[in-house]
Amino acid sequence: CEELLDLLKCPLSKEHFVNPVILKKTGMTFENAYIEDLLEFGESASLYTDSHTYLITKDDFISNYVVKNIVEFINSNSICSDYKTDSIIRGFRKAPQIIASSLCDNFLKLFKCPKSLKIFKNPYISTKSGYTYEFDESNKLVTNRGTEPDLKTEDKSYNVTSDDFKPNLKLK
């Protein structure tokens, strides 16, 4: 449970995610509200992490759909009674019994590559769409077609190169 709790917290604000976004340059995930606060007074801002400083703009971020879907699943299935407070810990202590029920299959689907349908081992996120794929599948998108289909609407696709995929560090 502790690892899952860490997955669901912004590394800088230490708050639980509501709207997680990924920094395209690195694959690191942050809470969007925290990033918006940084950018409140200008077009760009400095983002300080443990090891680096990044000059950021709003365009440097895209939604991290896998983490967002995990948060929404937890909220919608009442796995924790109040996601934004410390009661999340009490909720997650109950989670093994809840997840072990019929929710288990649905919960595990959140950790599967949408192309291979296998559990992530080496997840990479597209900086064009915000979708996460297993590394081998992201390579296939680049080498076979050079395009990534939009997983929500079939009539849209993105031109992609290997530089457009970064490790989804929250899932590693």
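As the structure is a prediction and not an experimental result, all values here were calculated from the model.

Participant: Is there a simple way to explain the overall build of the protein in this structure?
Facilitator: Looking only at helices and strands, the protein has five helices and ten strands in total. For the protein, the proportion of its 172 residues judged to be buried stands at 43%. Restricting the contact set of the protein to residue pairs at least 6 apart, pairs at least 24 apart contribute 48%. Accessible surface, the protein: about 9800 Å² in total, of which carbon and sulfur atoms supply 48%.

Participant: When you look at the pairing of strand S1 (residues 20-23) in this model, what are you seeing that I'm missing?
Facilitator: The two faces of a sheet get side chains in turn, since along a regular strand they alternate between them. The alternating pattern of S1 places Pro20 and Ile22 and Val21 and Leu23 on opposite faces, both of which are buried. Pairing geometry for S1 and strand S2 (residues 28-31), over four bridges, is antiparallel. By the bridge assignment, Ile22 is partnered in S2 with Thr29. Counting the residues that bridge the hairpin from S1 to S2 gives four residues, and of these Gly27 lies at a positive phi of roughly 90°. Sheet topology note: the S1/strand S5 (residues 61-63) ladder contains three bridges and is antiparallel. Pairing of Ile22 across the sheet is with Ile62, part of S5.

Participant: For this particular structure, what's the right way to read the packing of aromatic side chains?
Facilitator: Remark: the centre distance and the inter-plane angle together describe each pair of aromatic rings, the angle taken between the planes. The final tally for this structure, using the stated rule, is four aromatic pairs. When the ring of Tyr65 is compared with that of Tyr131, the centres are 5.0 Å apart and the planes differ by 25°; the resulting orientation is stacked. Highlighted residues: Tyr65 in helix H3 (residues 65-76) and Tyr131 in the loop between strand S6 (123-126) and strand S7 (132-134), separated in sequence by 66 residues. Arranged with centres 6.2 Å apart and planes meeting at 70°, the rings of Tyr133 and Phe165 form a pair that is edge-to-face. Of this pair, Tyr133 sits in strand S7 while Phe165 sits in strand S10 (residues 165-167), and the two are 32 residues apart along the sequence. Taken individually, Tyr133 and Phe165 each receive the classification buried, so the pair is uniform in this respect.

Participant: So what exactly am I meant to see when it comes to the confidence of the model for the protein here?
Facilitator: Parts of the prediction with low pLDDT should not have their coordinates interpreted in detail. For the protein, the average pLDDT comes to 81, and 79% of its residues sit at 70 or higher. Below a pLDDT of 50 lies the segment residues 81-100, which in the model reaches 34 contacts outside its immediate sequence neighbourhood of four places, other chains included.

Participant: Hey, could you run me through the nonpolar core in this one?
Facilitator: Buried together is how nonpolar side chains tend to be arranged in soluble globular proteins. Within the largest apolar cluster, 33 residues are counted, with the highest numbers of intra-cluster contacts made by Ile35, Leu47, Ile56, Phe61 and Ile70. Looking at this core, the elements with two or more residues in it are S1, strand S3 (44-48), strand S4 (53-57) and H3. Ignoring any residue separated from it by four or fewer positions in sequence, one finds Ile35 in contact with Val21, Phe30, Leu47, Ile56 and Phe61.

Participant: Honestly, the sheet that holds S6 in this entry has me stumped. Any pointers?
Facilitator: The strands making up a sheet are joined through hydrogen bonds of the backbone, oriented either antiparallel or parallel. Read across the open sheet, the three strands follow the order S7-S6-S10; overall the sheet is antiparallel. Only two strands of the sheet have a single partner each, and these edge strands are S7 and S10. Each strand axis lies, on average, 40° off the axis of its neighbour in the sheet, ignoring direction. Across three bridges, the pairing between S6 and S7 is antiparallel. Note on S7: the bridge partner recorded for Pro123 is Glu134. On the sheet, helix H5 (residues 135-145) packs against S6, S7 and S10 and is oriented at approximately 100° with respect to S7.

Participant: Explain the layout of surface pockets to me, please; I cannot follow it from the model alone.
Facilitator: Unoccupied space between atoms shows up once a probe the size of one water molecule is rolled over them. Here the largest pocket defines a volume of roughly 220 Å³. In this structure, the largest pocket is lined by Pro11, Leu12, Lys14, Met28, Thr29, Thr49, Asp50, Ser51, Leu169 and Lys170. A breakdown of the residues in the lining of the largest pocket according to their chemical character gives four nonpolar, three polar and three charged. Roughly 180 Å³ of internal volume is contained in the second largest pocket. Surrounding the second largest pocket, Tyr65, Val66, Asn69, Lys109, Leu110, Lys112, Pro114, Phe120, Tyr131, Thr132 and Leu151 form its lining. Counting residues per element, the lining of the second largest pocket draws most heavily on H3, which supplies three residues. Among the residues forming the lining of the second largest pocket, the class breakdown is seven nonpolar, two polar and two charged.

What counts, and where the lines are drawn
Note that residues are indexed from 1 along each chain, following the sequence as it is written. Only residues with pLDDT of at least 70 are given local features in this predicted model, and only at 80 or more are side-chain atom pairs given and counted; all residues enter the totals for whole chains, interfaces and linings. Only hydrogens and water are removed before side-chain values are computed, so all heavy atoms of the structure are retained for them. Strands are runs of DSSP state E lasting at least 2 residues, helices are runs of H or I lasting at least 4, and numbering of each runs from the N terminus. A 1.4 Å probe rolled over the protein chains alone gives each residue an accessible area, and that area as a share of the maximum for its type sets the label: buried under 20%, exposed over 50%, partly exposed in between. A contact between two residues is defined here by any heavy atoms of the two lying within 4.5 Å. Accessible areas in this description were obtained via Shrake-Rupley with a 1.4 Å probe; residue shielding takes into account the shown protein chains only. By this definition, two strands are paired if DSSP reports at least two bridges between them. Centre distance within 6.5 Å is the pairing criterion for rings of Phe, Tyr and Trp, where only the six-membered ring of Trp is used; planes under 30 degrees apart are then read as stacked, over 60 as edge-to-face, and the remainder as tilted. pLDDT gives the predictor's per-residue confidence on a scale running from 0 to 100. Buried Ala, Val, Leu, Ile, Met, Phe, Trp, Tyr and Cys residues that are joined via side-chain atoms within 4.5 Å together make up what is termed a nonpolar core. Only the stretch in contact is used when fitting a helix axis, every axis being a line fitted to C-alpha atoms; angles between N-to-C directions are given from 0 to 180 degrees. Here a cavity denotes a set of grid points, spaced 1 Å apart and computed over the protein atoms alone, in which a 1.4 Å probe fits but from which it cannot get out, and a pocket denotes an open set meeting protein on both sides within 12 Å along at least five of seven lines; residues with an atom within 4 Å of a point are reported as lining. Grid points are joined across faces, edges and corners, and a volume is the space filled by probe spheres set on the points. Lys, Arg, Asp and Glu make up the charged group, whereas Ala, Val, Leu, Ile, Met, Phe, Trp, Tyr, Cys and Pro make up the nonpolar group; the residues left over, Gly among them, are polar.

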